[in-house]
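# Working through the structure, step by step
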Amino acid sequence: MCSPEEAALLQLEEVFSATLARISNRVLQPLLTAEPSDPQGRECLRLLQQLHGCAQQLWEVTERSLRALRERLRHPDAIGLESLLLLLEADHVLQVHMEYIESYTSCVVVQAFQKAAKQRRYWRGQRKALRQLLWGVSPEGSMGTALVQALRQPLTHHVQKYALLLLSLRDTIGECHPARELVVRAATLFGDLHSFMKQALDQAEATQALWLTLSSRLRDALCTPARRLLQDSQDVPVTVTPLRAERALLFDDVLVLLQGHSVHTFDLKLVWVDPEQDGCAAHLLTPEEEFFFGSRSPQDLVVWRHMVTQAVCQALRGKKDFPVLGAGLVSCETPTCRSGAYTFLAEGRLCQATYEGEWCRGRPHGKGTLKWPDGQNHVGSFCQGLEHGFGICLVPQASEDKFDCYKCHWREGSMCGYGICEYGTDEVYKGYFQAGLRHGFGVLESTPQAPHPCKYTGHWERGQRSGYGIQEDGDRGERYIGMWQADQRHGPGLIVTQAGVCYQGTFQADKMVGPGTLLSEDDSLYEGTFTRDLTLLGKGKLTSYGFTLEGSFGSGAQRGLYTQGVLDMATLPPDPSSTCKRQLGLGAFPVESRWRGVYGPFWDFVRAGCPGDLQEALLGFHVQSLQELRESQEYLCCERTPLDDSVGRMEDILEEVAQHREPEALQQCLRKALSSSLHPLGKLLRTLMLTFQATYAGFGANKHLQGLALEEVKQHAQELWAAYRGLLQVALQRKGEAPEEEEDVETRTRQVHGLVLPLMLPSFYSELFTLYLLLHEREDSLYSQGIASLSLFPDTQLLEHLDVQKHLWPREDLTLTSNQRHSLVSATECLQKIITTVDPREKQEALERTYEEIEATVSQALGQEHKLPMDDLLPLLIYVVSRARIQHLGAEIHLTRDMMDPNHTGGRYDFLLTALESCYQHIQRDGRHASTAHLPGLQGALVARPPLDQA
């Protein structure tokens, strides 16, 4: 059985459907034929077209509901109550009604119906249709008012009846009825719709009345169809200070303060009501203004505070509150943090700039984008209105269609910390900033295609090169290594040219002053004074092979280089230690302070407790290529590690450091750390690699810089170990454990040479070994000639030639398994392994195994264990060296010795290196003739040495 309420609903829907059809076809449709020429007329036509569309949708939904009711009444047993459209799709039906109400009230606000009433021809044909829609309309009434009532009255009546019938239906059906929940919900929704409609109509009428009281200028500036008046200070008095506004108008989207002829408009999405104010005033914050609402009546002030808060919250939600303003408001406060867009108008650096992003209490705060009309923009993090954190800034160049692109960390509005800046001049700077200027370590590099290609790697101070730095000048083909001050070379410095010439001296205001040293590629030495362009001028002494020239030097356009002095042709050749192997720069630039700008940020990071959110700002980040830097401003944001990941990764790193302190675990931990570009130690190592390559690769590959490079590598190893210890202390502190005790010198040296140096040396080995090759090029050339001569001897003849005692020769009938095989061939293979590794310790161990193989070979030949004295060892070792044919053996020997743990000095490894070096020198000196007559001299160098097992 169907209830009487369902029958009443059917009747109500039939009447409403017919009414909507008449409204759409007889009232609204004829209005759409007009073609107004003025902007206001066109706006009214648009609103009427929108209303006609909403009326059509409402009619279609009513028809669907009507069909469902008819089916239900025809087949009450087969079709349940829950199948009614009004219950099944209550939300959709409600939405269609709300859209019609919104469209209707928009027409009311701008008086679209009154303006349409001016169409006389229309009204003569539609008066009868309007009268059919209205009950009790006065014939003397305004035609515009009649049209307003014709569209409002049926809807108001229909919604009110809906709500009453659904409430009655709810009371009729039982508690256990399957459709009860749907009926209850629909009754609640349409009851709320009635409240929503009443508020919407009241707001529309109040807004329409307001526009009639304002001047045309204000009306044109403020009036929009969607805007609704919520509060007027003429109805509820309020004062505004310090703006002294004469009238305050609160709309559903903006707050308007009228002050004489001035209109102050504030977007409600960017208005904050301070909850901490007392009952005497309400404090409001906006991006550029802050003011107070006050009132003689505390109750009026409460009303304004409450209405502004509700309006702000509704504006932030982006849709009208349902059923009434403030419904569903959890808090009585406006949200502190929110998102929005605003264009700054006040004079200052942000004038005309538009910020879009996150806000907090009237200030940009969080992620956002700041754009200026001239094309400058900043994308990144903000804090209390200032750039703070990582950001990307594009600054257009005035003269050309190019931009400077800054990808940096910012602090309180200025670049501070690590950044990458690509300039419109095609220069790129990667390094640190402070107060918006380059400060600390950084690299400034131009592209190879630039008119004057150059690269500076070093320290900066307040935007200028200052401190230790390296500059490479592509045009001049030279590299300067030394001190800077105020963007000029100042203090001790070196110049290395592409031709292999080296200058060392003192610079002042970018010029070399006082005496200096020049070393040419052929090892000629000049000591004296120079001109600015490093031409010999003044008193000096020139030493070369076969002569010494001391006197006054000069040069001229016609005469070239000339001198007046004493020429000594009887001078002995210069001491190789003072010319060929003379090292420059030692003592001029203390290695401890040479790269303090690289270590400084790391220790700042450690002292701060290794916070993950500061890791990039202090330790830097890496990008792929300059081309990608140019292509997209957003690129780096995507490449960088998200902040949450950085914090979490730092926690994991410190946990791993604290857990892996045993020798083997520590070695694996350090290897993993140094090989990772995301680990603090790995980032530090990569920066040190960059400085090393900038100094000693290319032009810097000069033998006179080998000592400078060597002490840098050793210093880096010590600093990396200290850096690990710093991370360990932070890790232990976070775990609440006691810090480790300070190391003694011997322990520190052992850890540096045993753990750190082998792991970090591959990063510097190529450039460092090249310097050793150049330094020992002559000796290695003589050694190669000696090897070539000795290789002409068969094995037996060579052993005899080297005066190896025959009872020590391997027996021809010696037969052993592969595991027992001991021969000079095996010793040769062992020695060759020193060139397969860059680890000095592994080179020393390969040399040690070579000696053991030689000794095992002799023991097998004698049939008993035998310890070789040095007199017997050296000839056999020369044999093994000659057969190993290791290239650049001199460079290998000296690099291995220089990198040897100081604790091993005088020990087994030291002794073996000395023996190998003696063989190397013997092959140089006597290799071409390979005469054993020279061996006594060789043995004499190691006279009174005990057998190696006793060394």
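The protein chain carries the name ALS2 C-terminal like in an unreviewed UniProt entry, which gives Myotis myotis as its organism.

### What to know about the side chain of Glu5
Within the secondary structure, Glu5 is located in helix 1 (residues 4-28). This buried residue, Glu5, is left without a salt bridge; Arg72 holds the nearest opposite charge, at 9.8 Å.

### Let's talk about the packing of helix 21 (residues 777-790) against helix 25 (residues 870-884)
Interaxial distance between helix 21 and helix 25 falls to 9 Å at its minimum, and their mutual angle equals 95 degrees. On the basis of their axis angle, the class for helix 21 and helix 25 is roughly perpendicular. Residues Tyr783, Ile787 and Leu790 of helix 21 lie in contact with helix 25, whose contacting residues are Val881, Ser882 and Arg883. Considered class by class, the residues forming the contact of helix 21 with helix 25 number 4 nonpolar, 1 polar and 1 charged.

### Considering the packing of aromatic side chains
On inspection of all chains with the given rule, the structure shows 33 aromatic pairs. Aromatic ring contacts, followed pair by pair, group Tyr429, Phe433, Tyr456, Trp460, Tyr480, Trp484 and Phe507 into a single cluster. Over the face of the ring belonging to Trp272 we find Arg338, whose NZ or CZ atom lies 4.0 Å from the ring centre. Over the ring of Tyr429 we find Arg438; its NZ or CZ atom is 5.2 Å from the centre of that ring.

### What to know about unusual backbone geometry
That bond from Thr241 to Pro242 is cis: its omega, 5 degrees, falls within 30 degrees of zero. When you line up the elements, Pro242 lands in the loop between strand 2 (239-241) and strand 3 (247-251). Residue Pro323 follows Phe322 across a cis peptide bond; omega there is 5 degrees. Its place among the elements puts Pro323 in the loop between helix 10 (298-317) and strand 9 (337-343).

### Digging into the pattern of salt bridges
Oppositely charged side chains can form a pair if their charged atoms are brought close together. Scanning all chains against the criterion turns up 41 salt bridges. Of the charged contacts in the structure, one is a salt bridge between Glu855 and Lys867, with a shortest N-O distance of 3.5 Å. Of this pair, Glu855 sits in helix 24 (residues 840-862) while Lys867 sits in the loop between helix 24 and helix 25, placing them 12 residues apart in sequence. In this structure, a network of salt bridges that share partners links the residues Arg661, Arg725, Glu737, Glu740 and Glu743.

Cut-off values and rules
- Residues numbered from 1 in each chain as written.
- Predicted model: local features only at pLDDT ≥ 70, side-chain atom pairs only at ≥ 80, totals over all residues.
- Heavy atoms only, no water.
- Helix = DSSP H or I, 4+ residues; strand = E, 2+ residues; numbered from the N terminus.
- Buried < 20%, exposed > 50% of the residue type's maximum accessible area, 1.4 Å probe, protein only.
- Lys, Arg positive; Asp, Glu negative; His and termini not counted.
- Salt bridge = Lys/Arg side-chain N within 4 Å of Asp/Glu carboxyl O.
- Axes fitted to C-alpha atoms, helices over the stretch in contact; angles between N-to-C directions.
- Parallel < 35°, antiparallel > 145°, perpendicular 65-115°, else oblique.
- Contact = heavy atoms within 4.5 Å.
- Nonpolar A, V, L, I, M, F, W, Y, C, P; charged D, E, K, R; others polar.
- Phe/Tyr/Trp six-rings, centres within 6.5 Å; stacked < 30°, edge-to-face > 60°.
- Lys NZ or Arg CZ within 6 Å of the ring centre and 35° of its normal.

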